[in-house]
Amino acid sequence: QVQLVESGGGLVQAGNSLRLFCVASGRTFSSYAMGWFRQAPGKEREFVAAITRRPMHTDYADSVKGRFTISRDNAKNTVYLQMNSLKPEDTAVYYCAASKDGLQIGVYSYKYDYWGQGTQVTVSS
């Protein structure tokens, strides 16, 4: 069983930046596709960004394109989400997820096999 642990969330003002981290256990991290999802109170979980295994193709939700960047460091078993120009509507619990289908960008939560516990991001206006 793969364990994922997110960190880096916090409270920031609109327009500022935040970087999220997700560290995975196991020895097969480099073979996974990795994704970030978020869930705000009263709303369903939504896709944010994803990155495949090598050659590391990426995909983003329209709402974050140009502002967020997903990346990974396989040597550290870590995936990152750099969030710039944050808006109040970005406020949510952010979750990282791993898919054993390493070459397919998964925008649907059911395509992911493992999930972290989430980290809170709050953006004030």
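This text gives an overview of the structure that appears in the document.

**Observations regarding the state of the cysteines**
Then, in step 1: One pass over the full model with this rule turns up one disulfide.
Then, in step 2: The disulfide partner of C22 is C96, and the gap between their sulfur atoms is 1.9 Å. Across the S-S bond of C22 and C96 the torsion is about 50 degrees, and the bridge reads as right-handed. Of this pair, C22 sits in strand β3 (residues 18-24) while C96 sits in strand β9 (residues 92-99), and the two are 74 residues apart along the sequence.

**Quick look at the side chain of E6**
Then, in step 1: Its place among the elements puts E6 in strand β1 (residues 4-7).
Then, in step 2: Despite its burial, E6 pairs with no opposite charge, the nearest such side chain being R45 at 7.9 Å.
Then, in step 3: A distance of 3.0 Å separates the side chain of E6 from the backbone nitrogen of Q117, its partner in a polar contact.
Then, in step 4: Among the polar contacts listed, one links the side chain of E6 to the backbone nitrogen of G118, at a separation of 2.8 Å.

Quick notes on the rules
Residues numbered from 1 in each chain as written. Predicted model: local features only at pLDDT ≥ 70, side-chain atom pairs only at ≥ 80, totals over all residues. Heavy atoms only, no water. Disulfide = S-S within 2.5 Å. Helix = DSSP H or I, 4+ residues; strand = E, 2+ residues; numbered from the N terminus. Buried < 20%, exposed > 50% of the residue type's maximum accessible area, 1.4 Å probe, protein only. Lys, Arg positive; Asp, Glu negative; His and termini not counted. Salt bridge = Lys/Arg side-chain N within 4 Å of Asp/Glu carboxyl O. Polar contact = N/O pair within 3.5 Å; in protein donor to acceptor, adjacent residues only side chain to side chain.

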